[in-house]
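Now for the letters of each chain:
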Amino acid sequence: MIKNIFNKAGALEFLEKYQARVGFVVPKFFSISKKEYQLNKKNFLKKVNISFKNKKIILRSSSLNEDTKNFSNAGKFKSYGNIDAKDQKNIIVFCDKIIKDFRNKNDHILIQEFIFKPKLSGVIFSRDINNNSPYCTINYDLSGKTNLITAGKKNPTMKNLVIFRNKLKNYNFFGIKLKILKAIEKIFDNDRLDIEFCIKGKIFYLLQCRPLKPLPL
C-alpha cells in the first residue's frame, strides 16, 4: 500500500502522474485547506475563475477523515456539482456548507472540473467488498448524471456488472479496456479499490480513488 496519499486530493495528485501512460484522465482540479479558504475567500474565488474559466465545476470534500487506508467514510461529506465557475455567490455558499462538517483546519475543499452529460458514470469495486472474493463489481448509470450512483439513494436506472478478476485485462467495457483498472491497482500496490469514474466519448475519466474498507479480522 502506498502511504500518505489517501485523501481524495492526495490520491488524485498521485494518479495525475500516470494518466497519460495508463490511459485515463483526471479532470483538472485543485484543493484548498479550510484554514486557507477562510483566511482569503477573495483570492480563492479568483483562482477558481482563472483555473476553470467558462467551465462547470464540482465542489467536494477532501477531509483527513476520509479515503484513508483504514476507512473511507464514503458519502459522509457533502458535494455540489454542475456549478458555473463564475457563480461566486453559490461557490461560497456551497463551500461554507462543506467545511461545516470539517473538524480539522487542514481538511481540504476539492474543486474539480465537472464532466457534463457523460455517456455513463459509476463506481468500480475491484474485489468483493464483503468477502474479498476475486470478482470486480461495476455499478453504473446511463442517464448522463454523475452523482446517481454515489449519492447512496435508490436509483432504478442503475445497472450492475460482475467480472471475474482474471478476465479484467482484456474486458471491453463500453469501448474502454479494463486493463486500466489493473494498472491502477499496480500503481497503488492494492487490489481492493473503490474507483469513481465516468466515460465520455472514448475517455475514461477517473474522478476518485479510495481503498475499500479493510475486512474484519
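As a starting point, this report considers the structure included with it. (Residues numbered from 1 in each chain as written. Predicted model: local features only at pLDDT ≥ 70, side-chain atom pairs only at ≥ 80, totals over all residues. Heavy atoms only, no water.)

1. Topic: the pattern of salt bridges
Cut-off, in case you're wondering: Throughout this description, the term salt bridge denotes a Lys or Arg side-chain nitrogen within 4 Å of a carboxyl oxygen of Asp or Glu. The secondary structure listing takes helices from DSSP runs of H or I that are at least 4 residues long and strands from runs of E that are at least 2 residues long, numbered from the N terminus. Three labels apply to residues, based on accessible area from a 1.4 Å probe with only protein chains included: buried if under 20% of the type maximum, exposed if over 50%, partly exposed otherwise in between.
Tallying each qualifying case throughout the model produces seven salt bridges. Residue D101 is joined to K78 by a salt bridge in which the shortest nitrogen-to-oxygen separation is 2.8 Å. Here D101, found in the loop between α5 (88–99) and β4 (108–113), pairs with K78, found in the loop between β2 (56–62) and β3 (79–84); they are 23 residues apart in sequence, far enough to count as distant. For D101, a relative accessible area of 24% corresponds to the partly exposed category. Note that R210 is salt-bridged to D194, the shortest N-O span being 3.3 Å. In this pair, R210 is assigned in strand β11 (residues 203–211) and D194 in strand β10 (residues 193–200), connecting sequence segments 16 residues apart. The pair formed by R210 and D194 is uniform in burial state, with each residue classed as buried.

2. Quick look at the sheet that holds β3
Applied cut-off: One bridge is not enough; two strands pair if DSSP finds at least two bridges between them. In this description, a line fitted to the C-alpha atoms serves as the axis of each element, helices being fitted only across the stretch in contact, and the angle between N-to-C directions of two axes falls anywhere from 0 to 180 degrees. The contact definition used throughout considers only heavy atoms, calling two residues in contact when any of these lie within 4.5 Å.
Read from one edge of the open sheet, four strands run β1-β4-β2-β3, paired in antiparallel fashion. Sheet topology places β1 (29–33) and β3 at the edges, where each strand pairs with a single neighbour. The sheet shows a mean angle of 20° between the axes of neighbouring strands, taken without regard to direction. Along the sheet, helix α4 (residues 41–51) contacts β1, β2 and β4; its crossing angle with β1, the most-contacted strand, is approximately 175°. Strands in contact with α5 are β2, β3 and β4; relative to β2, the strand with the most contacts, it is inclined by about 15°.

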